[in-house]
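Residues per chain are reported as follows:
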Number of protein chains: 2
Amino acid sequence: MKNLTKRQEEILNLIKAHILDLGFPPTRADIARSLGFKSPNAAEQHLRAIEKKGFIKILSGASRGIILNDNENDQIPVIGLVAAGGPILAEENVEKTIPRSNNLLSNDIDYYLRVKGDSMVDIGIFEEDLIGVSKSANTKIGSVIVARINNEVTVKTLIEMSQNKVVLRAENQEYDDIIINPKVEELAIEGSCVALLRESI
Amino acid sequence: MKNLTKRQEEILNLIKAHILDLGFPPTRADIARSLGFKSPNAAEQHLRAIEKKGFIKILSGASRGIILNDNENDQIPVIGLVAAGGPILAEENVEKTIPRSNNLLSNDIDYYLRVKGDSMVDIGIFEEDLIGVSKSANTKIGSVIVARINNEVTVKTLIEMSQNKVVLRAENQEYDDIIINPKVEELAIEGSCVALLRESI
DNA sequence: ATAATTACTGTAATTATATACAGTATATAG
DNA sequence: CTATATACTGTATATAATTACAGTAATTAT
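Residues numbered from 1 in each chain as written. Chains lettered and ligands numbered in written order. Predicted model: local features only at pLDDT ≥ 70, side-chain atom pairs only at ≥ 80, totals over all residues. Heavy atoms only, no water.

**Some thoughts on the protein's contact with DNA strand D**
Near DNA strand D you find 26 residues, and of these Thr5, Arg7 and Gln45 of chain A together with Gly61 and Arg64 of chain B are the closest. A share of 74% of the atoms of DNA strand D within 4 Å of the protein falls on sugar and phosphate groups. Contact distances for DNA strand D include 2.5 Å between a phosphate oxygen and a side-chain N or O atom of Arg7 of chain A. For DNA strand D, a phosphate oxygen lies 2.5 Å from a polar atom in the backbone of Gly61 of chain B. Contributing elements (two or more residues each) for the surface near DNA strand D: helix H1 (6-22) and helix H3 (40-52) of chain A together with helix H3 (40-52) of chain B. Tallying contributions element by element places H3 of chain A first for the surface near DNA strand D, with five residues. (Near = heavy atom within 4 Å. Polar contact = N/O pair within 3.5 Å; in protein donor to acceptor, adjacent residues only side chain to side chain. Helix = DSSP H or I, 4+ residues; strand = E, 2+ residues; numbered from the N terminus.)

Written as structure tokens, this is what we have:
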């Protein structure tokens, strides 16, 4: 999918705004009017270019027959089991995706992670729950974080973090604290947990 | 807002399905074709009737200019504290509403209920969580249900249910079972819990 | 009993819309 | 240097679509 030019992006945004506002796409004339074109054909040709680049589909003969092709940025991936090695968001880990427009929770969620195991039950995070993870939300002591230790992904509470000692705690008395020297073991903090979904009770 | 006739509802559903499918409303001819009318005017007149009843707005002169008026049925209420007496869904209990189209979870959710107290922590239902409640989902032994006992609303697990004995259990050892004789005390089962949302961790 | 509503057929006109064709001009890629 | 892409104007036309008008018939409200 090639990149749109500035003008083409402007037109795509106009189409999206029109749909959001009125519930249906604009006509060529609508677009021309909005952008000051003196010919509807200017809009027509832009639409063809945008279609060629894969962002829309034009239905021939149908008035307002512009279909937006789902942009992947507008989808939140749900990550199931994370394969060892490789990034969390690698395609093989994506169980399904959820349109961002349908997300009821914080709009700072980069992905949902399906919980495995019972290490966080004491704070109400159960196996099969979906945790909303933000890569940008700041992780401070006490935050529930997604960490990767020697290529294994885990969800734990961050208890202590200094240059040569990081302590992660399971919220379940049956588990011991995980104490890591990040200079010896490979440790990456992938994000922090900001919300939770349970699809069945 | 008057009720639609069967036929009018059929047409409104057709419009919604068309929008969901293609992203824009159907023409009069589309509607006529779908329902087997031999004249587009049949569709036109139905649309006028549906508009008169307040379900849509027709933009004159615009092709496919049908705007759906937001139906309140398409909003899922979030119920905060339930005032004693009166129905759960009474307006004063509604904290906010969520467009049904944004609901990621089961589409059988009639409302969300904000959890008060810690009586269900052992199965991961915490204070301030939002529980998705279905009025129609069948409640069987073992289901987590929303019950109303003598005008007080509570969330518990249904353990036993016979003509003169109903047992509800808190999922927290510190609480005793609630044993009710429905012939003596007022008991209503409002629905069963089918999903959970936690807005912050 | 009479008017209004529902539920259509059938025809036709006006307007809305897509879309082809012929240009102009500039920028960018091979 | 030449083809291709970008970004338009301007005109024209076929067809898509709304919408008015004239009916028929059954049902429902007053």
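Structure shown, so let's carry the discussion forward.
**Describing the pattern of salt bridges**
With the rule as written, the count across this model stands at 28 salt bridges over all chains. With a closest N to O distance of 3.9 Å, Lys165 of chain A and Glu160 of chain A form a salt bridge. Taking the relative accessible area as the measure of exposure, Glu160 of chain A reaches 31% and is therefore partly exposed. Across the pair Arg198 of chain B and Asp129 of chain B runs a salt bridge, and its minimum N-O distance is 2.8 Å. In this pair, Arg198 of chain B is assigned in strand E11 (residues 187-198) and Asp129 of chain B in the loop between strand E5 (111-114) and strand E6 (130-134), connecting sequence segments 69 residues apart. Classification of Arg198 of chain B as buried rests on a relative accessible area of 7%. Several salt bridges share partner residues, and in doing so they unite Glu95, Lys96, Arg114, Lys116, Glu128 and Glu199 of chain A into one network. (Salt bridge = Lys/Arg side-chain N within 4 Å of Asp/Glu carboxyl O. Buried < 20%, exposed > 50% of the residue type's maximum accessible area, 1.4 Å probe, protein only.)

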